[in-house]
Amino acid sequence: MFDPGQETLSAEIAGVSNGINLMEFSDEILLHILSYVPCTDLVLNVKRTCRKLATLCLDKSLTYTVLLHKDYQVSKDKVRQLMREIGKEIHQLNMAGCYWLPGSSIDHVIRCKNLVKLNLSGCHLTSLRLSKMLSALQHLRSLAIDVNPGFDASQLSSECKATLSHVLELKQTLYTPSYGVVPCCTSLEKLLLYFEILDRSREGFILSGQLMVGESNVPHYQSLRVFYARLAPGYVNQEVVRLYLAVLSDRTPENLHAFLISAPGSFAESGATKNLLDSMARNVCLDALQLPKSWINGSGLLQHLKFNNPFYFSFSRCTLSGSHLILRVINGGKDLKSLTSLNLSGCIHCLSSDSLFRKAEDYIDSSILESLVVSCCNLRHLNLSAAHHHSSESLGKHLCQLLARLRHLLSLALPVCSIANVAINTDKPPVQSVTNVVPQGLGRKIRIGVPTYTKNFLEQSNQKSQSSVFWTLLENLLFLKNLELIGSSFSSAMPRNEPAIRNSLPPCSRAQSVGDSDVAAIGQLTFLQSLTLAQLPNILTGSGLVNIGLQCQHLRTLSLANLGMMGKVVYMSALLDMLKHCRCLRDLRLEQPYFSANAQFFQALSHCSSLQRFCIISRSGTLQFDAVMSFMASCCEVIMCHMFMGESLTVCKNLQQSIVRSSANKMTRLYSSLSCRGDSLLHCHVFLHPRNFAEEEFITLFIVLLHGTISGHGTSQMLKEVPFPAKEWTAERVSRQIDLH
């Protein structure tokens, strides 16, 4: 209950100097403002301020959908109070990634009797707890859960199975070989599977997908419209997904519209998968397709598959030639206005003629790209990375000029060499102005920490950029939100789903002509939210980064890797100036040899007031002990710090112990100051993982601030949060597109 005196105080607080009172706004405006407030704060805090807000905070527009996804301030007590007060009003509940909450917190979901959509991915969930909860949720139609070792479908009650029989959409993450609850979901229309099974158990035993053969129930796919499977590396994951597909191959659903399988590395076809693909070619018309490259290469599958109104194609790493792309995918220039996403990453022949002996320096066939642009004029997402796409000076238009026609693009991934001006002679090293040349040999060395760009660098960069084809491209894509410029031969030292490669290939010769002025052109993208720049060897000062920091105020995710010379970080001064302007930045990933995480770096990083996660990967890199301690103490929003540096094991252990001690004192004070509101104590967990790379000692320092204790399952969930560039659409986005069609 709220205090009547508190209402008067709230009115005084709401008033401003010019006499306008917040409470005088219309209910529609107030509801719009309140929609940006986390639901836990609305119900547990804002609701108690005055009668008007108490009524508005319980409006259906605010309580229909409750998002607790990665809300790190949510505790067990808050979940209990929230469900007690508005449980009956909640129809959609997202608790994905709340790995710090104990399993008993899930028991309170039973109060949400009207739930239609529930996401518990990453939460601690047993078979018995799931059975008890689902038995009370008779209106549930969408469910997302994890299947962990020890899951037993025989423990599910008949009431639970009755609820599952009406579920239309299921997202299931597997950490053990199992069908999970799929056999109980007899009305499934959308099935999203994530395979995260390790080849060995914690005890060291080798796992096998054949453990599933003895299960009495198998999945039912009669009504299936969307099938999505994403595999983590490992043989067991491939073995298990084959068992799922074997059931699907017996009788292919007639209403199947989207079939997507994302598998890293090689994934050989089996007899069941061949039968499935043959059946799909005969019986269904697809709207979305993604297959492992080994299933497409050397086969005539694309020639026989039928498509209705396709919106998503992914042919990553496939040997797809330009003629195949035109004839088999877009049907000789057929109008494909429905296509909104196209992934041609690693398709080195997709913009060239039929010759499979194409060299990296060969030109693309601009007529192929022009046909693609004309036919697929409504593309929102396009990926042409991991290939050499060189435009000719005399044969057709430049790649950037053609892509500029795609005015609806929201995300774009390109190789660095594709944006180079063709007028530049790539046989010779690029000629730079005297003010931008980095002294070499016996010349005067650059002083560390002193800006190497001139005061009027913004004007100089803009003047140079406006004459480039890349400037023209971005000038026409003003609503672009995600941009990736990645060197054709770039390979990360710490890739997510692929083996690390120590000796990467040298950058493309054309990439040598892409420098600071081209990076400065990115500053035109006012609505840019995510940016990845990797393997740009001609970055001399990094002045373009400052331009981005000043003008791209909506930037949330930034990933920089191997910019400029590999022997030193030549863009450090510009990076520090850039970070001072990135107020909305949440995720930062830096990969650069010899990077120095010193006091100046962390001081600049502290200006990123919204920063939550950052990752630094640096061979022979160094960190400054006091600077890390000061940064972690002052930046309360940071929940993940992942550092792969060249420091000694002793330094990392000392830093680990110091952070634990300082965080314990800090959290005690935080607890005492917030105890009146019932907040629980935050805990600090530090993980240390030494890794050896040949002659170097490559040390991992993994720091996490979160609620509660961490189990092995929780650790795997946290590892997924390390910011990496996105390479493909998520299953949820594909699912939403299916609904739109």
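Look up: the structure comes first, before these words.
Just so you know, these numbers come straight off a predicted model, no measurement behind them. (Residues numbered from 1 in each chain as written. Predicted model: local features only at pLDDT ≥ 70, side-chain atom pairs only at ≥ 80, totals over all residues. Heavy atoms only, no water.)

**Quick look at the overall build of the protein chain**
Item 1. From N to C terminus, the protein chain includes 25 helices and 23 strands.
Item 2. Burial statistics for the protein chain: of 741 residues in total, 52% are counted as buried.
Item 3. Residue pairs at least 24 apart in sequence account for 77% of intrachain contacts in the protein chain once pairs closer than 6 positions are excluded.
Item 4. Total accessible area on the protein chain is roughly 32800 Å²; 52% of this is exposed by carbon and sulfur atoms. (Helix = DSSP H or I, 4+ residues; strand = E, 2+ residues; numbered from the N terminus. Buried < 20%, exposed > 50% of the residue type's maximum accessible area, 1.4 Å probe, protein only. Contact = heavy atoms within 4.5 Å. Areas by Shrake-Rupley, 256 points an atom, 1.4 Å probe, with all protein chains shown as cover.)

**Structural notes on the packing of aromatic side chains**
Item 1. Scanning the entire structure with this criterion turns up 15 aromatic pairs.
Item 2. On the basis of an interplanar angle of 50 degrees and a centroid distance of 5.8 Å, the ring pair of Tyr194 and Tyr228 is categorised as tilted. Of the two residues, Tyr194 is situated in strand 6 (residues 190-195) and Tyr228 in strand 7 (residues 226-231); the sequence distance between them amounts to 34 residues.
Item 3. For Tyr194, a relative accessible area of 6% gives the class buried.
Item 4. In this structure Tyr228 comes out as buried when scored by relative accessible area, which is 2%.
Item 5. With a centroid separation of 6.4 Å and 90 degrees between ring planes, the pair formed by Tyr221 and Phe227 is classed as edge-to-face.
Item 6. By relative accessible area, which is 4% here, Tyr221 ends up buried.
Item 7. Members of the aromatic cluster, joined through ring pairs, are Phe595, Phe601, Phe602, Phe614 and Phe631.
Item 8. Between Lys171 and the ring centre of Tyr194, over which it is positioned, the NZ or CZ distance is 4.9 Å. (Phe/Tyr/Trp six-rings, centres within 6.5 Å; stacked < 30°, edge-to-face > 60°. Lys NZ or Arg CZ within 6 Å of the ring centre and 35° of its normal.)

**Observations regarding a nonpolar patch on the surface**
Item 1. A cluster of nonpolar side chains, contributed by Ile20, Leu22, Phe25, Ile29 and Ile33, occupies part of the molecular surface with about 390 Å² of accessible area.
Item 2. Exposure remark for Ile29: the relative accessible area of 42% places this residue in the partly exposed category. (Patch = residues over 30% accessible without salt bridge, like charges linked within 9 Å, V, L, I, M, F, W, Y side chains within 5 Å. Salt bridge = Lys/Arg side-chain N within 4 Å of Asp/Glu carboxyl O.)

**Some remarks on the pairing of strand 4 (residues 142-147)**
Item 1. The buried fraction of strand 4 amounts to 6 of the 6 residues, a majority that puts the element mostly inside the structure.
Item 2. Neither face of strand 4 is left uncovered, since the one carrying Ser142, Ala144 and Asp146 and the one carrying Leu143, Ile145 and Val147 both have all their residues buried.
Item 3. Bridge count between strand 3 (residues 117-119) and strand 4: 3 bridges; the pairing is parallel. Counted as the bridge partner of Lys117 is Ser142 from strand 4.
Item 4. As a crossover connection, the stretch from strand 3 through helix 7 (residues 127-134) into strand 4 is right-handed. (Pairing = 2+ DSSP bridges. Right-handed = clockwise from strand over helix to strand, strands pointing away.)

**Re the packing of helix 19 (residues 543-551) against helix 20 (residues 572-579)**
A pair of packed helices is characterised by two quantities: the angle between their axes and the separation of those axes.
Item 1. Relative orientation of the contacting elements helix 19 and helix 20 amounts to 0 degrees, with a least axis distance of 8 Å. Put simply, helix 19 runs roughly parallel to helix 20. Contact residues: helix 19 offers Ser543, Leu545, Val546, Ile548 and Gly549, while helix 20 offers Ala574, Asp577 and Met578.
Item 2. Here the residues of the contact of helix 19 with helix 20 are counted per class, giving 5 nonpolar, 2 polar and 1 charged. (Axes fitted to C-alpha atoms, helices over the stretch in contact; angles between N-to-C directions. Parallel < 35°, antiparallel > 145°, perpendicular 65-115°, else oblique. Nonpolar A, V, L, I, M, F, W, Y, C, P; charged D, E, K, R; others polar.)

**A few points about the pattern of salt bridges**
Item 1. Taken as a whole and judged by the stated rule, the model has 10 salt bridges.
Item 2. The shortest N-O distance in the salt bridge between Asp77 and Arg80 comes to 2.9 Å. Placement of both Asp77 and Arg80 in helix 6 (residues 76-86) is noted, with a separation of 3 residues, approximately one turn of the helix.
Item 3. Here Lys580 ties to Asp577 by a salt bridge, and the two come within 3.9 Å at their closest N and O atoms.
Item 4. Classification of Asp577 as partly exposed rests on a relative accessible area of 23%.
Item 5. Salt bridges sharing common partners tie together Lys47, Arg48 and Glu85.

**Description of the environment of Arg48**
Item 1. Topologically, Arg48 is positioned in the loop between helix 3 (39-44) and helix 4 (51-56).
Item 2. Reaching out from Arg48, the side chain makes a polar contact with the backbone oxygen of Val43 at a distance of 3.0 Å.
Item 3. At 2.9 Å, the side chain of Arg48 forms a polar contact with the side chain of Glu85. (Polar contact = N/O pair within 3.5 Å; in protein donor to acceptor, adjacent residues only side chain to side chain.)

**Quick word on the pairing of strand 6**
Item 1. When you tally the buried positions in strand 6, you get 6 out of 6 residues, the bulk of the element.
Item 2. Relative to strand 6, strand 5 (residues 169-174) runs parallel, the two being bridged by 6 bridges. Note on strand 6: the bridge partner recorded for Leu170 is Leu191.
Item 3. As defined by bridge partners, strand 6 adjoins strand 7 across 6 bridges and the pair is classed as parallel. By the bridge assignment for strand 7, Leu193 is matched with Ala229.

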